[in-house]
Amino acid sequence: MIEIEIPTRVISKKNSRRIGRNPYTGRIFNTPSNAYEIFKMDCQEYLADVRNLDFDGPFLLNVDYEVKGKSQGDLDNAITSVLDILQDYHVITNDKNYKGTDHQRITNGHKNYRMFIKLIPLD
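Presented here is an overview of the structure given in this document. It should be emphasised that the depicted structure is a prediction, and the values quoted were computed from it without experimental measurement.

Moving on, we come to unusual backbone geometry. Residues other than glycine seldom take positive phi values, yet N52 does so here, at roughly 65°. For D54, which is not glycine, the phi torsion reads 50° and is therefore positive. Relative to the helices and strands, D54 is located in the loop between α1 (34–46) and β4 (59–68). Taking the relative accessible area as the measure of exposure, D54 reaches 35% and is therefore partly exposed.

Quick look at the structure:
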């Protein structure tokens, strides 16, 4: 089992997008927001102990997401973003091996944002 703590707000890759037009070709492009890119860079520090693990196999996640104050969080989008980050930093080889959550909970009223993740191998 791999335990990870992300002590910051998880930024949704899906809902935070930049859309623009290439001035030379006129083609429209769609990229993640600056906020997501900063979140992704910050995750280097949080994943230092498990980076380049390259876990290759089916797995479940246990997720506890603490949300600051009275704000509402979107747990599904947060999990999707975290899976992308885990794959980008080679903690997992492919997020297609994600088989679901064994436990998931989101609570608000906390002083800061935090997400606790347990990656549970199924092999």
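The next point concerns the nonpolar core. Counting 30 residues, the largest nonpolar core has I4, F39, L47, L61, Y65 and M115 as the members making the most contacts within it. Among the secondary structure elements, those contributing two or more residues to this core are β1 (2–6), α1, β4, α2 (75–88) and β6 (114–121). The greatest single-element share of this core, amounting to seven residues, is contributed by α2. The residues touching L47, leaving out its near neighbours within four places in the chain, are I4, I85, L86, Y89 and V91.

Rules behind the numbers
Residues numbered from 1 in each chain as written. Predicted model: local features only at pLDDT ≥ 70, side-chain atom pairs only at ≥ 80, totals over all residues. Heavy atoms only, no water. Helix = DSSP H or I, 4+ residues; strand = E, 2+ residues; numbered from the N terminus. Buried < 20%, exposed > 50% of the residue type's maximum accessible area, 1.4 Å probe, protein only. Core = buried A, V, L, I, M, F, W, Y, C linked by side-chain atoms within 4.5 Å. Contact = heavy atoms within 4.5 Å.

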